Amino acid sequence: MYFFDKSSIVKMISLVILSTTAHSALAKPPLKEKYDVLKQASSYARSSACMTTFDDDAEDNMTTIRDVHLIDSETGFDEEGEIGTKYIVYWGGDVGCSGGSGTYSNYLTSFSRYSESRPFLVDRMNILDDINEESYKINERFIEDVEFYNGVLLITSSDYSEDGTDGGNNFPRYKYRYTVVYNENKDQWILANKELIKDKYPNAKNGDFDEVVVFEEPYL
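Reference entry: report on the structure contained in this document. This structure is a prediction, so every number in the text was calculated from the model and none was measured.

**Quick look at unusual backbone geometry**
Thought 1: Here Asn150, not a glycine, exhibits a phi torsion of approximately 45 degrees, which is positive.
Thought 2: Inspection of the secondary structure assignment puts Asn150 in the loop between strand 6 (143-149) and strand 7 (152-159).
Thought 3: Using a relative accessible area of 49% as the deciding quantity, one classes Asn150 as partly exposed.
Thought 4: In the Ramachandran plot, Asp187 falls in the positive-phi region, its phi being about 55 degrees despite a non-glycine side chain.
Thought 5: Among the structural elements, Asp187 can be located in the loop between strand 8 (174-183) and strand 9 (188-199).

**Things to note about the packing of aromatic side chains**
Thought 1: Scanning the entire structure with this criterion turns up 8 aromatic pairs.
Thought 2: Measuring from ring centre to ring centre gives 6.5 Å for Tyr44 and Trp91, while their planes differ by 90 degrees; the resulting arrangement is edge-to-face. Here Trp91 lies in strand 3 (residues 82-95) and Tyr44 lies in helix 2 (residues 31-48), a separation of 47 residues in the sequence.
Thought 3: Take Tyr44: its relative accessible area is 23%, and that puts it in the partly exposed class.

**Points about the pairing of strand 7**
Residues in a regular strand point their side chains to alternate faces of the sheet.
Thought 1: With 7 of 8 residues buried, strand 7 lies mostly within the body of the structure.
Thought 2: Alignment of strand 6 against strand 7, held across 6 bridges, turns out to be antiparallel. Note on strand 7: the bridge partner recorded for Asp145 is Thr156.
Thought 3: With antiparallel pairing between neighbouring strands as the criterion, strand 6 and strand 7 make up a hairpin whose turn holds 2 residues, including Asn150 at a positive phi of roughly 45 degrees.
Thought 4: Sheet analysis places strand 7 next to strand 8, joined by 8 bridges and oriented antiparallel. Each bridged residue has a counterpart across the sheet, and for Thr156 the counterpart in strand 8 is Arg177.

**Examining the environment of Asp67**
Thought 1: Positionally, Asp67 belongs in the loop between strand 1 (49-50) and strand 2 (68-75).
Thought 2: Taking the relative accessible area as the measure of exposure, Asp67 reaches 7% and is therefore buried.

**Quick notes on a negative patch on the surface**
Thought 1: A cluster of acidic residues, Asp72, Glu74, Glu116 and Glu184, forms a negative patch at the surface.
Thought 2: Inspection of the secondary structure puts Glu184 in the loop between strand 8 and strand 9.

**Here's the deal with the sheet that holds strand 8**
Backbone hydrogen bonds are what pair the strands of a sheet, in a parallel or an antiparallel way.
Thought 1: If you walk across this open sheet you meet the 4 strands as 6-7-8-9, and the pairing is antiparallel. The two strands at the open ends of the sheet, each matched to only one other strand, are strand 6 and strand 9. Within this sheet the neighbouring strands show an average axis-to-axis angle of 20 degrees, counted without direction.

Calculation criteria
- Residues numbered from 1 in each chain as written.
- Predicted model: local features only at pLDDT ≥ 70, side-chain atom pairs only at ≥ 80, totals over all residues.
- Heavy atoms only, no water.
- Helix = DSSP H or I, 4+ residues; strand = E, 2+ residues; numbered from the N terminus.
- Buried < 20%, exposed > 50% of the residue type's maximum accessible area, 1.4 Å probe, protein only.
- Phe/Tyr/Trp six-rings, centres within 6.5 Å; stacked < 30°, edge-to-face > 60°.
- Pairing = 2+ DSSP bridges.
- Patch = residues over 30% accessible without salt bridge, like charges linked within 9 Å, V, L, I, M, F, W, Y side chains within 5 Å.
- Areas by Shrake-Rupley, 256 points an atom, 1.4 Å probe, with all protein chains shown as cover.
- Salt bridge = Lys/Arg side-chain N within 4 Å of Asp/Glu carboxyl O.
- Lys, Arg positive; Asp, Glu negative; His and termini not counted.
- Charge placed at Lys NZ, Arg CZ, Asp CG, Glu CD.
- Axes fitted to C-alpha atoms, helices over the stretch in contact; angles between N-to-C directions.

Shown next, in the form of C-alpha cells:
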C-alpha cells in the first residue's frame, strides 16, 4: 500500500539520483572518514543521552560503521578523489536520561565540515525533525533499519494503528518503509513515500471500552 502518488515519487527520486551521478567518476572518500565520523557520533551521543547504541551492552543494536552514511562529497585538494562533506549517523538513546518507558528514541544525526582540513561537527541533531516538524509522520521510537542509496534514505519503522488495535504502548501494530529524500532548494529532508510492509497483529480487534484484544504474538 502506497500513501503517495507513484509518479511524484519517481520524479523526486530521479532528480536526487541525477544530482549524485556527477561525483561517480571520482574515487570515493577514504573509509577512515567514516570511522572519524563514527567516533564523533559516539562522543556526541554519550554526552547527551543514556543507554545509547554506542554502549558496550547495546549488543545487536550497537551502532557500527554500517550506520554511517555518506550524504555529500566534493573534490579534494589534490583533485584526484573525493572527500566527504556530510554524513548521517543512525543511533539510539535516551536523550536527557529521563529513564521513562517512552523516552528512548532513535536519531539520524548529520555531521558536516567546511573543508578537508576541518573536523566533522554536528550539523543537525535529527534530520527527521524536518519531516515531523508540523505533524509527526515517522515514529522515531521504533526505527529498526536505515539504508541509503543514491541520495535516497530508506527507513524501516513501526507505528500505531488509528483504531487502537495495537499490542500496547511498546508494540505498535504496523511496520512501514519510508522513502526520504533531500530537497536542496528548501535545504531540508522530505518524506517521499510511506509503504505498509507488515501487519504485526492481523487478527487484532477492538474490545469493549476500547481495550485491545490480541489473539496472537506479534510477527517479527
